[in-house]
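Observations on the model geometry
Spelled out, the chains give:
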Amino acid sequence: MSEIFYKSDFPSAIGRLFYIWSEDGSINFLVNDGKNFESFLESLKRKFPRCAVVEMRSDKIENEVTRYLEKKSHGINIRPVFVNGNSLERKIWEAAMTVPYGKVASYKELAAMAGYPNAWRAAGTAVGHNPVMLIVPCHRIIKSDGSIGRFGGGEKVKEFLLNLEQKN
DNA sequence: TGCATGGCGCCGG
DNA sequence: ACCGGCGCCATGC
């Protein structure tokens, strides 16, 4: 990674989005929380001190996200590249990406899918560290009793996304 | 090394 | 439906 691109305040149906991406088109970070964005960007600069950090929007990312939020697609076709996260977290994120559009899984089920059948509590924590909302569809992970559970980007957003994927 | 921390699960009241 | 309480587990300090 010789250049790191970032974009703040991309307007969307779920609020201002912030994302970080690479020249190969992969995405490293996508949130609707500016504070998390700032701290992640700083940590990235420390981790890759030789990389140039450039403000630059991505047509592909913005188009994919917009189409998804307008219900014109059933998912976002962008490859995430995780620049942080421990082994458990990455396995949890990978497992979450296998939950199809319009479906849900519980945190307990997700832990089992990732190969940690008893670590559902830790799985919840790991999902909370998801760096790329929508791409890793952590909004599809809900509680075992069917209630919605928590969400880094706000529970209203989680509800919005689940509702979006539900209706037809 | 221990211990507090979490986007949880399950049972009772 | 909404709480407490207790159990659960990998991480990080």
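Everything numeric in this text was worked out from a predicted model, so none of it was measured. (Residues numbered from 1 in each chain as written. Chains lettered and ligands numbered in written order. Predicted model: local features only at pLDDT ≥ 70, side-chain atom pairs only at ≥ 80, totals over all residues. Heavy atoms only, no water.)

1. So, the protein's contact with DNA strand B
By nearness alone, 18 residues border DNA strand B, and Lys 108, Arg 121, Gly 128, Cys 138 and Ser 144 come closest of all. Restricting attention to atoms of DNA strand B within 4 Å of the protein, one finds that 48% of them are sugar or phosphate atoms. With respect to DNA strand B, the side chain of Thr 125 contributes an N or O atom lying 3.0 Å from a base nitrogen. Arg 150 is positioned with one of its backbone polar atoms (N or O) 2.8 Å from a base nitrogen of DNA strand B. Among the secondary structure elements, those contributing two or more residues to the surface near DNA strand B are α4 (107-113) and α5 (120-128). Residue contributions to the surface near DNA strand B peak at seven residues, all from α5. Classifying every residue of the surface near DNA strand B gives seven nonpolar, six polar and five charged. (Near = heavy atom within 4 Å. Polar contact = N/O pair within 3.5 Å; in protein donor to acceptor, adjacent residues only side chain to side chain. Helix = DSSP H or I, 4+ residues; strand = E, 2+ residues; numbered from the N terminus. Nonpolar A, V, L, I, M, F, W, Y, C, P; charged D, E, K, R; others polar.)

2. Brief notes about the protein's contact with DNA strand C
Every residue close to DNA strand C is listed here: Asn 86, Leu 88, Asn 118, Ala 119, Trp 120, Arg 121 and Ala 122. One nitrogen or oxygen atom from the side chain of Asn 86 is found 3.3 Å from a sugar or linking oxygen belonging to DNA strand C. Per-element accounting of the surface near DNA strand C gives the leading share, three residues, to α5. Partitioned by chemical class, the residues of the surface near DNA strand C number four nonpolar, two polar and one charged.

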